[in-house]
Amino acid sequence: MSLVVYNTLSREKEPFVPIDAGHVRLYVCGPTVYDYVHIGNARPVVAFDVLYRLLRRRYPRVTYVRNITDIDDRIMVRAADNREPIEALTNRTASAYQSDMQRLGALAPDHEPRATQYVGEMVDMIGRLVDKGHAYPAEGHVLFSVPSMADYGRLSRRTRDELVAGARVEVAPYKKDPADFVLWKPSTDEQPGWPSPWGRGRPGWHIECSAMSARHLGETFDIHAGGLDLIFPHHENEIAQSRCAFGHGLMARYWMHNGFLNISGEKMSKSLGNFFTVHELLDQYPGEAIRLLLLSAHYRQPLDFTHEGLVQAKATLDRWYGVLRGRDAAPAGSVPQAVEEALSDDLNTPLAISALHQLGDPATLRAGANALGLLQQDAEAWFRWAPAGAAGPTDAEIEAAIAARQAARKARDFKESDRIRDDLKVKGVLLEDGPKGTTWKRG
Ligand code: AMP
Ligand code: ZN
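Nothing here was measured: the structure is a model prediction, and the numbers come from that model.

## Description of the sheet that holds strand E5 (residues 135-138)
Within a sheet, adjacent strands bond to each other through the backbone by hydrogen bonds, running parallel or antiparallel. Taken in spatial order, the four strands of this open sheet run E5-E6-E7-E8, and their pairing is antiparallel. Two strands lie at the open edges of the sheet, namely E5 and strand E8 (201-203), each paired on one side alone. When the angles between neighbouring strand axes are averaged without regard to direction, this sheet yields 20 degrees. The pairing of strand E7 (residues 181-186) with E8 spans three bridges and is antiparallel. The partner of Pro186 across the bridge, within E8, is Gly201. In the packing of helix H7 (residues 231-246) onto the sheet, the strands contacted are strand E6 (141-144) and E7, and the crossing angle to E7 comes to about 85 degrees.

Shown next as structure tokens:
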């Protein structure tokens with residue numbers, strides 16, 4: 001079954017043809033780590049995790065790189081506000097990010113490079129660009145010369161006027177052209193900095209991804225992905241840097257972009273303050289419910305976040321886990337055709353989910369859901385889930401009450417066994433007696 005993906009570069013769906021069918025290479029832009037990420041930031045992680053899983057089913061080797069931006073002005077400001085060293089802040093938030101993404105069922109990428117570990121590669125790349133006449137030093141900065149690249153702007157398809165308007169925020173006297181962008185900037189003694197031929201300084205954001213992708217995936221690779229907001233300027237500038245430094249016509253063959261997660265029709269973002277962190281949502285909902293909500297719309301479409309949506313997603317998973325319950329020994333089997341077909345058409349996850357609703361056989365359901373990174377846990381574990389800080393009995397207390405009820409039944413003391421069951425029910429725990437004994441769930 002051939003994979004078709006929408007390529008932002010051509011604005012069309014195209015058959016996916018890897019550069020090397022023996023080794024597929026994928027890069028996704030990761031977060032800037034200064035705080036917990038919001039659920040919008042998780043959308044590219046979850047959407048492209050489905051892609052990674054699919055590629056791994058089809059190709060013998062896949063290398064997936066997702067970076068961590070750990071040098072940025074927002075990080076410097078936050079560390080100063082918190083009165084903590086930058087490294088302490090970035091280490092803490094990067095670890096929280098990794099654990100939150102794992103709880104959303106995202107596989108760890110093969111490499112998760114941190115920008116500060118690759119400054120040498122960035123300096124080398126900037127040096128190449130200067131040598132080739134694509135960049136110039138000015139007042140401690142190094143700038144990429146946009147007019148030096150004949151076909152700059154192909155990804156975002158912006159006109160010259162739009163480019164200049166988009167870059168206006170950065171207009172500075174040392175720029176030769178208003179569209180030129182920063183590759184390197186000077187640092188004061190108090191700011192983090194690295195030595196370079198242009199003085200002590202730090203890299204611009206865009207050069208980070210060009211250097212880290214080249215280091216782990218090569219000068220050209222298959223798929224580069226991220227959110228819609230990265231098309232311009234971030235990805236446009238990555239392309240300019242990588243193509244001009246390495247002299248290829250392409251940086252990546254396929255550029256994939258997810259749509260926004262909105263809240264009341266507006267993009268969820270830190271700056272608007274209309275966000276929920278993944279961390280706080282994980283206290284209230286199971287990770288798989290958050291994941292199912294994120295996959296319920298096609299990745300290129302906008303998706304409106306609501307708590308109601310999460311409640312519905314949890315109810316769907318309750319039903320699916322109910323099908324698996326008591327049959328957990330069933331092997332997962334291969335991904336059902338309808339699910340594989342839907343995902344092969346530019347990751348049509350809503351269609352794949354509707355196909356899952358048609359499946360009643362536990363092994364097939366699990367295999368299909370696994371392709372979406374869902375139904376990854378034991379059904380009993382799913383039903384034991386409780387929100388953080390919830391009142392009510394612990395697992396051990398519930399197990400002890402069930403044992404006591406069992407003993408009462410054996411002694412034919414049905415009054416006592418019913419009392420125990422009713423007491424648990426009041427505390428939000430439902431018992432179900434089945435052929436293999438008594439199971440329970442928090443409801
Ligand atoms: P940032 O840390 O802001 O660079 O964002 C990390 C990733 O999350 C990028 O791929 C962004 O495009 C993506 N992103 C940020 N906000 C949203 C949103 N509201 N919906 C979907 N993706 C987003
Ligand atoms: Zn990037």
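Back to the write-up after that little detour.
## Here we look at the coordination of the zinc ion (ligand 2)
Every protein donor of the zinc ion (ligand 2) is listed here as Cys29 (SG), Cys209 (SG), His234 (NE2) and Glu238 (OE), and their distances to the metal cover 2.0 to 2.5 Å. Classification of the site at the zinc ion (ligand 2) as irregular follows from its four donor atoms and the range of 74 to 127 degrees in their angles at the metal. Sequence spacing of the donor residues for the zinc ion (ligand 2), all on one chain, is C-x179-C-x24-H-x3-E. Of this pair, Cys209 sits in helix H6 (residues 205-217) while His234 sits in helix H7, placing them 25 residues apart in sequence.

## Examining the side chain of Asn258
Tracing the sequence through the fold places Asn258 in strand E10 (residues 252-258). Taking relative accessible area as the criterion, Asn258 reaches 3% and is therefore assigned buried. Once residues within four sequence positions are removed from consideration, Asn258 is found in contact with Arg43, Pro44, Phe48, Gly226, Gly227, Leu228 and Tyr299.

## Notes on the side chain of Asp72
When you line up the elements, Asp72 lands in the loop between strand E4 (62-66) and helix H2 (73-82). From its side chain, Asp72 meets the backbone nitrogen of Arg74 in a polar contact 2.7 Å long.

Reading the values: the criteria
- Residues numbered from 1 in each chain as written.
- Chains lettered and ligands numbered in written order.
- Predicted model: local features only at pLDDT ≥ 70, side-chain atom pairs only at ≥ 80, totals over all residues.
- Heavy atoms only, no water.
- Pairing = 2+ DSSP bridges.
- Helix = DSSP H or I, 4+ residues; strand = E, 2+ residues; numbered from the N terminus.
- Axes fitted to C-alpha atoms, helices over the stretch in contact; angles between N-to-C directions.
- Contact = heavy atoms within 4.5 Å.
- Donors = N, O, S within 2.8 Å, 3.2 Å for Na, K, Ca; no water.
- Tetrahedral: all angles 85-135°; square planar, octahedral: opposite > 155°, others 65-115°.
- Buried < 20%, exposed > 50% of the residue type's maximum accessible area, 1.4 Å probe, protein only.
- Polar contact = N/O pair within 3.5 Å; in protein donor to acceptor, adjacent residues only side chain to side chain.

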